[in-house]
Amino acid sequence: MDPIDLKIVKKNIVDGIAECEKRCLMQCTKWLAELNHGITEAPVVRSTKSTIDQSQSGIADSEFDCYLLSKSYFHVREYDRSAYFTRNCVSPVPKFLHLYATYMSKEKKRLDNMTDSSVVSSVAHAKDFSELLSTLRTEHSQKSLDGFCLYLYGVILKKLDLTEMAVRVFVEAINAEPTLWSAWLELAPLVTDKRMLHNLKLPNHWMKSIFEGYTYIELFQNDEGIKIFEQLQKNGFSKCIFIPTLLAIAYSNKRDVDRSIDIFQHLQHVDPYRLDNLDSYSNLLFVKDMKTEMSHLAHRVVEINKYSPETCCVIGNYFSIRSDHYKAVLYFQRALKLNPRYLSAWTLMGHEFMEMKNTNAAIQSYRQAVEVNKRDFRAWYGLGQAYEILKMTFYSLYYYKAAQQLRPYDSRMLVALGETYEKLDKVADALKCYQKAYDVGDIEGVALFSMAKLYEKQGEMNKAIPAYLSFCSDDKLIADKASLCHAYITLGNYYEKNEEFDKASHFAYKCLDYEDTKREAESLLKTITNKRAHKATTSTATAAEAAKPAPVEGTSDRDNTQNYGEDMDMDESNASKRVDMVMSEEVATDEMVESSGIPEFHMEDTYDVNE
């Protein structure tokens, strides 16, 4: 990144604030003012004359009175009156205000007259913007639109899903007015990948770095975004609230929840009345189950502004963490009445409907979330889960694939995709998904177990056992104890069949701690004990047989009996000699068994699980 001259940045920002304020682009004005406030190292030297000239430039003297009246009406949301009094103006600022007021009037009426508040698609309402679109298209072909009018033209094209044309128009607007953050913000969701971002013909302006960092995070390429924003902080933007907010979102995307929460808490101290992005903060508190902090946050936002979408969203999360899903849905619906294109509310409302087992309503909410932002992986993933519950596996596969493409290195998407492939009997694809989920860092710790279980189902125990062993290597981190029990008992049975009794006993003893596998483990331990006893007895008999002297080669049994005498008459003396001989042989055998190191086995020392 090239060094940034903060004096030039300050001048650009102040000029941008003046131009946006004249045109009633209040959100862009607010953003630029916050950025300006954060750059404290380069104070601006104001000139009274230049300030007056700036505030009145772009407005013809003959149109100034109409402009002031129109602007006052716009501020109090009387958009039709605002548009009416500037209908004949031709100078740049009043002309834009006329077009913008016309657009806001159409948009407000469209939202007010919607029969179904759960539908946000704008394509069906193309006729509402047809006259305005025709005017802007004609003037665009004549190249008579300035950067601000180009921005408005792009917004309408985007609403009507004319994406390619909208991208070109937004790029034109940005080149004409580089400090118009609203145009950058509208362009970001239309960038589909890194290659497209690099191919955009954007101006070599300091705003480009902020846009690239923002877009990288939108594309979930968080490391690149973090790198850019950390560099901007070193170049003098360290106190700009917007940048650490995006860093917190990037860390949240990387599952570094604690670090993200720390940043948001710091921002709360710096700007305690800020509501922007507090929905993201409340999501993190929900993930960490921080009920006390969530309660404090909910009370604070109500005191700031009870009727903002962000406040309704935070309160919805507050009721959700308390498992009051009905009230959570109620507040998410309130947020959507205030802003029908509020993405977080659509997605979170879908989650709540899933908790309430209302699958159809959840699907509708997730679809609207996708309509607002096609890069919302949570909505795609939620649709996959909903159709999985409905046992519509091919639909589920489609939505899981969409979620996985948006988050290629998120193991949850890969595991869900693998489970769906498994249901469709596509074993090879399922195994690839499980393996990749393990390779990218298994968040939930289930990829190895799913892979091992699938190998076991296919009868490939030589592959299943190493996977089970890896899965059990750090059992303290495994939340699903049922999976752990299954892995233990499978390993115990496998080693028992292969007569590796020490390993089998190790895993069987671990199963005794869980009620689900206790009976099976007791049975396995008895089997191991009996097999060990049988093996010890067999070893003793084998050693005794080996200890008997072999007959001398070339002699018969008859010749051997001659050692005891020529005639083996059954008199009393010979019988006693025979008994003595047998007793001496038994003693010799016992001594040999003891010297061979084989332990003596007592049948009464059987395993008792109750001891």
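This one's a predicted model, so the numbers in the text were calculated from it and none came from an experiment. (Residues numbered from 1 in each chain as written. Predicted model: local features only at pLDDT ≥ 70, side-chain atom pairs only at ≥ 80, totals over all residues. Heavy atoms only, no water.)

**A short note on the overall build of the protein**
Looking only at helices and strands, the protein has 32 helices and zero strands in total. Scored against the burial criterion, the 611 residues of the protein give a buried share of 45%. Considering only intrachain contacts with a sequence separation of at least 6, the fraction spanning at least 24 residues in the protein is 55%. When the accessible surface of the protein is split by element, carbon and sulfur atoms take 50% of a total near 33600 Å². (Helix = DSSP H or I, 4+ residues; strand = E, 2+ residues; numbered from the N terminus. Buried < 20%, exposed > 50% of the residue type's maximum accessible area, 1.4 Å probe, protein only. Contact = heavy atoms within 4.5 Å. Areas by Shrake-Rupley, 256 points an atom, 1.4 Å probe, with all protein chains shown as cover.)

**Some points on empty space enclosed by the protein**
Tallied over the full model, the rule gives one cavity of 30 Å³ or more. By volume, the largest cavity amounts to about 40 Å³. In terms of lining, the largest cavity is formed by Phe-264, Leu-267, Gln-268, Asp-271, Arg-274, Asp-276, Leu-278 and Tyr-281. The set of elements that each furnish at least two residues to the lining of the largest cavity consists of α15 (257-270) and α16 (278-287). The residue makeup of the lining of the largest cavity, split by class, is four nonpolar, one polar and three charged. (1 Å grid on protein atoms, 1.4 Å probe; cavity = no way out; pocket = protein on both sides within 12 Å on 5 of 7 lines; lining within 4 Å. Points joined across faces, edges and corners; volume = space filled by probe spheres on them. Nonpolar A, V, L, I, M, F, W, Y, C, P; charged D, E, K, R; others polar.)

**What to know about the side chain of Thr-347**
Of note, Thr-347 is situated in helix α20 (residues 343-355). Apart from the residues lying within four places of it in its own chain, the contact partners of Thr-347 are Tyr-366, Ala-369, Asp-376, Arg-378 and Ala-379.

**Quick notes on the pattern of salt bridges**
All told, the structure shown has 22 salt bridges when counted by the stated rule. Salt-bridge contacts for Lys-463 lead to Glu-460; the nearest nitrogen and oxygen are separated by 3.3 Å. The exposure class of Lys-463 is partly exposed, given its relative accessible area of 40%. Shared partners join several salt bridges into a network, and the residues in it are Glu-19, Lys-22, Arg-23 and Asp-146. (Salt bridge = Lys/Arg side-chain N within 4 Å of Asp/Glu carboxyl O.)

**Structural notes on the nonpolar core**
Residues Leu-25, Trp-181, Leu-187, Trp-206, Ile-210 and Phe-237 are the most contacted members of the largest nonpolar core, which totals 177 residues. Of the residues forming this core, the biggest block, nine residues, is contributed by helix α8 (residues 147-159). Here Leu-25 is in contact with Cys-20, Phe-96, Tyr-100, Phe-148, Tyr-151 and Leu-180, once residues within four sequence places are set aside. (Core = buried A, V, L, I, M, F, W, Y, C linked by side-chain atoms within 4.5 Å.)

**Describing the packing of aromatic side chains**
Counted according to the given criterion, the structure contains 29 aromatic pairs. An aromatic cluster is present here, built from Phe-74, Tyr-79, Phe-96, Tyr-100 and Phe-148 joined pairwise through their rings. Across from the ring centre of Phe-148, 4.0 Å away, lies the NZ or CZ of Arg-23, which sits over that ring. Its guanidinium or amino end placed over the ring of Tyr-84, Arg-87 lies 3.9 Å from that ring's centre, counting from NZ or CZ. (Phe/Tyr/Trp six-rings, centres within 6.5 Å; stacked < 30°, edge-to-face > 60°. Lys NZ or Arg CZ within 6 Å of the ring centre and 35° of its normal.)

**Looking at unusual backbone geometry**
The backbone phi angle of Arg-255 is positive, close to 70°, even though this residue is not glycine. Within the element layout of this structure, Arg-255 appears in the loop between α14 (242-253) and α15. The class of Arg-255 is partly exposed, set by a relative accessible area of 39%. Of note in this structure, Ser-323 is not a glycine but carries a positive phi near 65°.

**Description of α16**
Here α16 lies mainly inside the structure; seven of its 10 residues are buried. Looking at α16, one finds that the buried residues are Leu-278, Asp-279, Tyr-281, Ser-282, Asn-283, Leu-284 and Leu-285. Residues of α16 that are buried sit in contact with α14, α15, α17 (291-304), α18 (309-321), α20 and α22 (377-389). In the segment just after α16, Asp-289 is the residue with positive phi, at about 55°.

**Some thoughts on the packing of helix α4 (residues 64-75) against helix α6 (residues 92-112)**
With their axes 10 Å apart at the nearest point, α4 and α6 run at an angle of 30° to one another. With respect to α6, the element α4 is oriented roughly parallel. The crossing of α4 and α6 is left-handed. Residues Tyr-67, Ser-70, Lys-71 and Phe-74 of α4 lie in contact with α6, whose contacting residues are Val-93, Pro-94, Leu-97, Tyr-100, Ala-101 and Met-104. (Axes fitted to C-alpha atoms, helices over the stretch in contact; angles between N-to-C directions. Parallel < 35°, antiparallel > 145°, perpendicular 65-115°, else oblique. Left-handed = near helix turned anticlockwise from the far one by under 90°.)

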